[in-house]
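# Per-entry structural report
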Amino acid sequence: ALATPGSGFKERTVVARGTLEGHFKIKLQDSSRPGDVVVQKFVLAPGGQSGWHLHPGPAVVTVMSGELTLDQADCSSATYSAGQVAVEPTGQVHRVRNVGTANLDFWVTFLDIPVGSPQRIEAETDPRWVEPTC
């Protein structure tokens, strides 16, 4: 196969890269409908947390620095370090915490967001939601 070099780029900067562990699936909604993709950078101070929320589509989280603790509504949690990637499934209530002593810097790519809709839904908007007492 023949390849040609690119040209005309003013910048091609990788802003986030991490390793995604094996055995994961990302399921999107009906691909015949348009959906938004949102990329957002977060910096969370030590002791900070996101509050309980969910996303209308899957979210791919790349940890740039610090340690990210991802808590689930069933009281399970996992911690991700710089260079690691977490996947937040569609519609799963969770929160992110920084239990470390340094800022937590992470980038999130939100996929399959209904066009023009927010990428975050507060958990308390669901009348069935009860905050865990973990």
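Residues numbered from 1 in each chain as written. Predicted model: local features only at pLDDT ≥ 70, side-chain atom pairs only at ≥ 80, totals over all residues. Heavy atoms only, no water.

## A closer look at the nonpolar core
Among the nonpolar cores identified, the biggest contains 13 residues, and Val61, Leu68, Val96, Leu104, Phe106 and Val108 are the most heavily contacted of them. Within the residue set of this core, elements represented by two or more residues are strand 3 (59-65), strand 4 (67-72) and strand 8 (104-114). If one sorts the elements of this core by residue count, strand 8 sits on top with five residues. Once you skip the residues sitting within four places of it in the chain, leucine 68 turns out to touch Val61, Val63, Ala78, Thr79, Tyr80, Val96, Arg97, Leu104 and Phe106. One finds Leu54, Val93, Ala123 and Trp129 within the second-largest nonpolar core, a separate group that totals five residues. (Core = buried A, V, L, I, M, F, W, Y, C linked by side-chain atoms within 4.5 Å. Buried < 20%, exposed > 50% of the residue type's maximum accessible area, 1.4 Å probe, protein only. Helix = DSSP H or I, 4+ residues; strand = E, 2+ residues; numbered from the N terminus. Contact = heavy atoms within 4.5 Å.)

## As for the sheet that holds strand 1 (residues 35-44)
Hydrogen bonds between backbone atoms are what pair the strands of a sheet, whose relative direction is either parallel or antiparallel. As summarised here, the arrangement of the four strands in space is 1-8-3-6, forming an open sheet in which the pairing is antiparallel. In this open sheet, the two strands that pair with only one neighbour each are strand 1 and strand 6 (85-88). On average, each strand axis in the sheet is tilted by 20° relative to the strand beside it, whichever way the strands run. Across four bridges, strand 3 lies against strand 6 in antiparallel orientation. Counterpart to alanine 59 in the pairing with strand 6 is glutamate 88. (Pairing = 2+ DSSP bridges. Axes fitted to C-alpha atoms, helices over the stretch in contact; angles between N-to-C directions.)

Shape is all these values report; function is a separate question.
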